[in-house]
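Per-entry structural report
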Amino acid sequence: MPAVSKLDTAGSFETADFPVPNGREEEWRFTPLRRLRGLHTGPDGTEGGEGAVSVAVEAEPAVRVETVGLDDERVGASFTPLERVSALAYRHAAGATLVTVPKETQVERPVVVAVRGERPGQAFGHTVVRLEPFATATVVLDHAGSATYADNVEFVVGDGAALTVVSVHDWGRDAVHVAYHHVSLGRDARFRGHAVTLGGDLVRVSATVRYTAPGGDAELNGVYFTDAGQHHEHRLLVDHSQSHCRSRVEYKGALQGDDAHAVWIGDVIIGVGTEGTDTYEYNRNLVLTDNTRVDSVPNLEIFTGEVLGAGHASASGRLDDLHLFYLQARGIEAEEARRLVVRGFFAEMIARLGVPEVEERLTAAIERELERSA
Amino acid sequence: MSTLEIRDLHVSVETETESKPILRGVNLTVRAGETHALMGPNGSGKSTLAYAIAGHPKYQITSGTVLLDGEDLLEMTVDERARAGLFLAMQYPVEVPGVTVSNFLRSAVTAVRGEAPKLREFTKELSGAMKSLAIDPAFAQRGLNEGFSGGEKKRHEILQLELLKPKMAVLDETDSGLDVDALKVVSEGVNRFSASGEVGVLLITHYTRILRYVKPDFVHVFVEGAIVEEGGPELAERLEAEGYERFAKAGASK
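Residues numbered from 1 in each chain as written. Chains lettered and ligands numbered in written order. Predicted model: local features only at pLDDT ≥ 70, side-chain atom pairs only at ≥ 80, totals over all residues. Heavy atoms only, no water.

Per an unreviewed UniProt entry, chain B goes by Fe-S cluster assembly ATP-binding protein and derives from Allonocardiopsis opalescens.

In the nomenclature of an unreviewed UniProt entry, chain A corresponds to Iron-regulated ABC transporter permease protein SufD from the organism Allonocardiopsis opalescens. The UniProt entry for chain A carries this comment under Sequence similarities (unreviewed entry): "Belongs to the iron-sulfur cluster assembly SufBD family." (UniProt positions renumbered as here; feature names shortened; annotations may be inferred.)

So this is what it looks like as structure tokens:
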């Protein structure tokens, strides 16, 4: 039975179809709009400025890297914007960076897409990563510098292909980034996503997963360390409109410092007429100081009785006194005990990344955070 | 030679509404070379005594002293007590996700010995200690107590005891939840630890079963937060035959 994805019926490429958000909308209610520097109104709005963000791709010769116009048929084919900022980014992007991994090609070295804020002011981008059937690759999206940036990234994973994406948001402290990651999975395709969010003033990443055929498998992992005054928002939507697909969403974050704010929204839809869906989503937050705020909202909508497994869990809390007592009772000083527990909290997620350079970077970043809070 | 002295110890637990007294004047001295069994019914405050000595934040010392070789343990932080030579084998060891057993043990050994052991020597020492407790070497890379069965947790407590080599070991119901084979393995570990004659053991238990393998020099009966009777190993045999009923009544009439 052909299933219709909500991702197709709700969206639009027309900016005018989306009113300027006022902050009361479900999808914007956790986001401090005033800190978006007009990204939600657009460059014609109050704060239109000419920013610049550069995108450079480093890849093995087997990988095809092109810069194309938005009118290229391979651009904008896998998604429809669901929010105004996504539509704005599509309309105002100067072109698209297109990365193609040809059929049955196994790319050994990670493809690195370096996104750098070069000049302040609003900037918009578009990237497409396409894996043709039975290709495998790892792509690192590495964001740094100062920017006010909104972009769409399409991940089109062909039949039997396997794509791992590590998206590192290591922006300068003043950056604002609103990102839309659109994952589209063919038959028996596999996607492993890892969001690593450390920097920025405001980072808001919305990832959607659609299955275009049965057998797709998506794992979305995330790690964030949210410091004083930072807003880190991760929104996930997995649409099980096809049968026999699997999804796992697992995000872990730590917060420290006044007004650190982390938002996690995990939406999973299991569509009408589907069967054999296996899904689980999970968010955990470690609250290291007072005056932080966590909003963690898992949503599971099921429109069928034929589900293999579906569940979600969310927990936010302080370091467990019993953990600390146990380690201290073995002679380990309080501060060292605290570090061991925080490192342990992230250990599994870091080990899962599978890209040693990023693992080392993240480990070092967490150590720096722990120094800061010592 | 080490001595643990507990003098007139009173301990309360803070609840939302009140401060509830649990220990009502405990007096006990454990010297190096001695094994003491502290036995009592459920809810008598045995575990409270163990946790209070180790410094668990939940328990409030209202009066009394605890000295290890003349030094006031109650003035020390939890980790200082451990480095001073106190060890508590816990009844319910917590799971600490993501902290591997080997990483944890190396941190603990480094803290207690005051210097990091050489990696190669430590690895050898660890695998030897794990072998004698019949612990699968693969556990070294697992999260601390994560997904361990009750028996595995208890064996890991004794592994820590053997590696940290404290002066005084308080074993809180280390025997509970063990089958006979595991009980033997754990008891052998305790006996290896105390074999030097230079360390003291305070064995807290509800049952006499473990005393067949770990021989106590002294037995204390603990009821309603205080020691109500003391004697040699023969007291344990009497408890085995008669149970705690007699003492429970004695405690209630106080």
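What follows continues from the structure just given.
1. Concerning the overall build of chain B
A count of helical and extended segments in chain B gives eight helices and 12 strands. Over its C-alpha trace chain B gives a radius of gyration of 18 Å, about what one expects of a compact globule, namely 18 Å for 254 residues. Principal-axis analysis of the C-alpha atoms gives chain B an extent of 60 × 40 × 40 Å. For chain B, the proportion of its 254 residues judged to be buried stands at 54%. Long-range pairs, those at least 24 residues apart, make up 70% of the contacts in chain B between residues at least 6 apart in sequence. (Helix = DSSP H or I, 4+ residues; strand = E, 2+ residues; numbered from the N terminus. Rg over C-alpha atoms; globule rule 2.2 N^0.38 Å. Buried < 20%, exposed > 50% of the residue type's maximum accessible area, 1.4 Å probe, protein only. Contact = heavy atoms within 4.5 Å.)

2. Re the overall build of chain A
Regarding its fold elements, chain A presents five helices and 18 strands. In terms of overall size, chain A behaves like a compact globule, its C-alpha atoms giving a radius of gyration of 20 Å where 374 residues would be expected to give roughly 21 Å. Viewed in the frame of its principal axes, chain A has a C-alpha envelope of about 65 × 50 × 45 Å. The 374 residues of chain A split such that 58% are buried. Partitioning the intrachain contacts of chain A with sequence separation of at least 6 by distance along the chain shows that 88% fall at a separation of at least 24. Entry remark: accessible area of chain A is about 14500 Å², with carbon and sulfur atoms responsible for 48%. (Areas by Shrake-Rupley, 256 points an atom, 1.4 Å probe, with all protein chains shown as cover.)

3. A short note on the domain arrangement of chain A
Residue and element names in this part refer to chain A. Taken as a whole, chain A is organised into domain 1 (6–318) and domain 2 (320–374). Between the C-alpha centres of domain 1 and domain 2 there is a distance of 27 Å. Every contact between the two is made by 26 residues of domain 1 and, on the other side, 17 residues of domain 2. Considering only the side of domain 1, the residues that lose the most area to domain 2 are Val-223, Phe-225 and Lys-252, jointly responsible for 25% of the buried surface there. Where domain 1 packs against domain 2, one counts four salt bridges. For Arg-372, the salt bridge identified is with Asp-227, shortest N-O distance 2.8 Å. There are eight residue pairs in polar contact (both at pLDDT 80 or more) connecting domain 1 and domain 2. Of all the elements in the fold, those that place two or more residues in the side of domain 1 that touches domain 2 are strand 6 (136–145), strand 8 (162–169), strand 10 (190–197), strand 12 (217–226), strand 14 (246–255) and strand 16 (277–287). Per-element accounting of the side of domain 1 that touches domain 2 gives the leading share, five residues, to strand 12. Classifying every residue of the side of domain 1 that touches domain 2 by side-chain character gives 12 nonpolar, seven polar and seven charged. (Domains from an automatic or database assignment. Buried area = accessible area lost by both parts, 1.4 Å probe. Salt bridge = Lys/Arg side-chain N within 4 Å of Asp/Glu carboxyl O. Polar contact = N/O pair within 3.5 Å; in protein donor to acceptor, adjacent residues only side chain to side chain. Nonpolar A, V, L, I, M, F, W, Y, C, P; charged D, E, K, R; others polar.)

4. Let's talk about the sheet that holds strand 9 (residues 168–172) of chain B
All names here are of chain B. The strand order across the open sheet built from six strands is 6-9-10-3-11-12, with neighbouring strands paired in mixed fashion. Of all the strands in the sheet, the pair left with one neighbour each is strand 6 (86–89) and strand 12 (226–231). Looking at each pair of strands side by side, their axes are set apart by 20° on average, direction ignored. Where strand 3 (residues 35–39) lies against strand 11 (residues 218–223), four bridges are found, and the strand directions are parallel. Its bridge partner lying in strand 11, Met-39 is registered against Val-221. Contacts from helix 5 (residues 150–164) reach strand 6 and strand 9, with the element oriented near 165° to strand 6. (Pairing = 2+ DSSP bridges. Axes fitted to C-alpha atoms, helices over the stretch in contact; angles between N-to-C directions.)

5. Section: the interface of chain A and chain B
Residue-level contacts link 17 residues of chain A with 31 residues of chain B. Summing the contributions of chain A and of chain B, the shared interface buries around 1900 Å²; its carbon and sulfur component is 70%. Interface area lost by chain A to chain B is led by Phe-325, Tyr-326 and Arg-330 of chain A, which between them contribute 42%. At the surface where chain A touches chain B, the tally comes to one salt bridge. With its nearest N and O atoms 2.6 Å apart, the salt bridge here joins Arg-330 of chain A to Glu-157 of chain B. Connecting chain A to chain B are nine residue pairs in polar contact (both at pLDDT 80 or more). Where the side of chain A that touches chain B is concerned, the elements lending two or more residues are helix 3 (321–328) and helix 4 (334–353) of chain A.

6. Details of the UniProt feature "domain: SUF system FeS cluster assembly SufBD core" (unreviewed entry) in chain A
As recorded in UniProt, the feature "domain: SUF system FeS cluster assembly SufBD core" (unreviewed entry) lies at residues 121–345 of chain A. Each end of residues 121–345 of chain A is marked by a C-alpha atom, and these two atoms are 37 Å apart; helix forms 9% of the span and strand 61%.

7. Focus on the pairing of strand 10 (residues 200–205) of chain B
Residue and element names in this part refer to chain B. Counting buried residues in strand 10 gives six out of six residues, a clear majority hidden from the surface. Relative to strand 10, strand 3 is paired through five bridges, and the arrangement is parallel. Across the sheet, His-36 pairs through a bridge with Leu-202, a residue of strand 10. In this structure, strand 9 lies alongside strand 10, joined through five bridges in parallel fashion. Bridging across to strand 10, Asp-172 finds its partner in Ile-204. Each parallel crossover has a hand, and the one from strand 9 via helix 6 (residues 180–194) to strand 10 is right-handed. (Right-handed = clockwise from strand over helix to strand, strands pointing away.)

8. Observations concerning the sheet that holds strand 1 (residues 3–14) of chain B
Residue and element names in this part refer to chain B. What the four strands build is an open sheet, ordered 2-1-4-5; its pairing is antiparallel. A strand with exactly one partner marks an edge of an open sheet, and here the two such strands are strand 2 (19–31) and strand 5 (71–72). In this sheet, strand 2 lies alongside strand 1 in antiparallel orientation, the contact comprising 10 bridges. Residue Thr-3 lies in a different strand from strand 2, and its bridge partner there is Arg-31. The sheet strands contacting helix 1 (residues 46–54) are strand 1, strand 2 and strand 4 (59–68), and the helix crosses strand 1 at an angle near 105°.

9. Quick word on the packing of helix 5 of chain B against helix 6 of chain B
Residues and elements named next belong to chain B. Packing of helix 5 against helix 6 brings their axes to within 10 Å, and their N-to-C directions diverge by 15°. With respect to each other, helix 5 and helix 6 are oriented roughly parallel. Once helix 5 is placed against helix 6, the crossing between them reads as left-handed. Along its contact with helix 5, which presents Arg-155, Ile-158, Leu-161 and Glu-162, the element helix 6 presents Val-185, Val-186, Gly-189, Val-190, Arg-192 and Phe-193. (Parallel < 35°, antiparallel > 145°, perpendicular 65-115°, else oblique. Left-handed = near helix turned anticlockwise from the far one by under 90°.)

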